[in-house]
Amino acid sequence: MEDLKIAGYGKANGGNFNKIVINGYGEIFESAICKDFYGTGTAKIHGQLATGSLKYTGDTFIENHLTANSIDMTGKLDIKGDVNSPIISICGDMNILGNCKGENIKITGTINSYGNITCENFKANGTITINEIHATKVIITKPFTLGIRKKRININEIECTTIEAELLNCKKLCAHHVKLSKNCVVDSLEYSGDLELE
């Protein structure tokens, strides 16, 4: 298989590639499959992306589903479909219109998820708006702000074994071990183990 490389500005058709490298601005029309996807700048995929590893610095826009063995992003990741990856690490902004499934998810920055997130470990620090989280362990910490009003973390429903959270605004929380800071607001709380309120 050949490599697809875009440097500066370029457009290409989708297909099967060994690796895709975009440094600058690149658009790929229709779906793409590759072993590795990496680079810096702006990448737009007008279809699905299936890759072994996604490692990108900048803005990545995917108009359909994203499947990867690992995702390591610094910048903005915008997906109009579902995300499926065992390892997801985002430093920046992540927007998902569909569902997200993984094992270890770590977000530092902003996440907007309109579907459901299912994983083993979910750790987030920042401004968060999520429909539902189903996980084994959830750790949510307040965003770092400098002279700016803190934004509350909004999640409709959380179902997990263990949760530690700050600034959480949640409609329904079901867990075994619960540790919440005093500034959390939970409309409905169900727990089967211990409850710690700070």
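In the block above lies the structure referred to throughout.
Residues numbered from 1 in each chain as written. Predicted model: local features only at pLDDT ≥ 70, side-chain atom pairs only at ≥ 80, totals over all residues. Heavy atoms only, no water.

Looking at the overall build of the protein chain
- Summing up its helical and strand segments, the protein chain has 0 helices and 12 strands in all.
- Each helix (α) and strand (β) of the protein chain, taken in turn from the N terminus, gives the series β-β-β-β-β-β-β-β-β-β-β-β.
- Taking 2.2 N^0.38 as the reference for a compact globule, 198 residues should give roughly 16 Å; the C-alpha atoms of the protein chain span a radius of gyration of 18 Å, in line with that estimate.
- Out of the 198 residues belonging to the protein chain, those deemed buried represent 41%.
- In the protein chain, of all internal contacts separated by at least 6 residues, the share reaching a separation of at least 24 is 9%.
- Between the mean site of the 21 positive side-chain charges and the mean site of the 23 negative ones, the protein chain shows a separation of 6 Å. (Helix = DSSP H or I, 4+ residues; strand = E, 2+ residues; numbered from the N terminus. Rg over C-alpha atoms; globule rule 2.2 N^0.38 Å. Buried < 20%, exposed > 50% of the residue type's maximum accessible area, 1.4 Å probe, protein only. Contact = heavy atoms within 4.5 Å. Lys, Arg positive; Asp, Glu negative; His and termini not counted. Charge placed at Lys NZ, Arg CZ, Asp CG, Glu CD.)

Remarks on the packing of aromatic side chains
- Tallied over the entire structure, the rule returns 2 aromatic pairs.
- Both rings, one in Tyr-9 and one in Tyr-25, keep their centres 5.3 Å apart while their planes meet at 5 degrees; by these two values the pair is stacked.
- With a relative accessible area of 57%, Tyr-9 lands in the exposed category.
- Pairing Phe-37 with Tyr-56 gives two aromatic rings, centres 6.0 Å apart and planes at 50 degrees, and the pair type is tilted. Residue Phe-37 is found in strand S1 (residues 4-46), and its partner Tyr-56 is found in strand S2 (residues 49-62); the two are separated by 19 residues along the sequence. With respect to burial, Phe-37 and Tyr-56 carry one shared label: buried. (Phe/Tyr/Trp six-rings, centres within 6.5 Å; stacked < 30°, edge-to-face > 60°.)

Digging into the pattern of salt bridges
- Scanning the entire structure with this criterion turns up 1 salt bridge.
- With its nearest N and O atoms 3.4 Å apart, the salt bridge here joins Glu-198 to Lys-179. A residue pair is termed long-range when its members are at least 10 positions apart, and Glu-198 in the segment after strand S12 (195-197) and Lys-179 in strand S10 (residues 177-180) qualify at 19 residues.
- By relative accessible area, Lys-179 is classed as partly exposed at 28%. (Salt bridge = Lys/Arg side-chain N within 4 Å of Asp/Glu carboxyl O.)

Examining the nonpolar core
- If you look at the biggest cluster of nonpolar residues, it comprises 55 residues, and the most contacted ones within it are Phe-37, Ile-71, Phe-122, Ile-163 and Leu-168.
- Elements with a contribution of two residues or more to this core: S1, S2, strand S3 (66-79), strand S5 (87-96), strand S7 (104-141), strand S8 (153-165), strand S9 (168-175) and S10.
- Setting aside residues up to four positions removed in sequence, Ile-71 forms contacts with Leu-54, Leu-66, Leu-77, Val-83, Ser-85, Ile-87, Ile-88, Ser-89 and Ile-90. (Core = buried A, V, L, I, M, F, W, Y, C linked by side-chain atoms within 4.5 Å.)

Thoughts on a nonpolar patch on the surface
- A cluster of nonpolar side chains, Leu-189, Tyr-191, Leu-195 and Leu-197, forms an exposed patch at the surface whose accessible area comes to about 360 Å².
- For the nonpolar patch, the secondary-structure elements that each account for two or more residues are strand S11 (185-191) and S12.
- Of note, Leu-195 is situated in strand S12.
- Accessibility expressed as a relative area gives 33% for Leu-195, which makes it partly exposed. (Patch = residues over 30% accessible without salt bridge, like charges linked within 9 Å, V, L, I, M, F, W, Y side chains within 5 Å. Areas by Shrake-Rupley, 256 points an atom, 1.4 Å probe, with all protein chains shown as cover.)

Topic: the pairing of S10
- Of the two faces of S10, only one is covered, namely that formed by Val-178 and Leu-180; the face formed by His-177 and Lys-179 stays uncovered.
- Bridging between S8 and S10 involves 4 bridges; their strand directions are parallel. When the bridges of S10 are listed, Ile-163 appears paired with Val-178.
- Pairing of S10 with S12, which is carried by 3 bridges, proceeds in the parallel orientation. Across the sheet, Val-178 pairs through a bridge with Leu-195, a residue of S12. (Pairing = 2+ DSSP bridges.)

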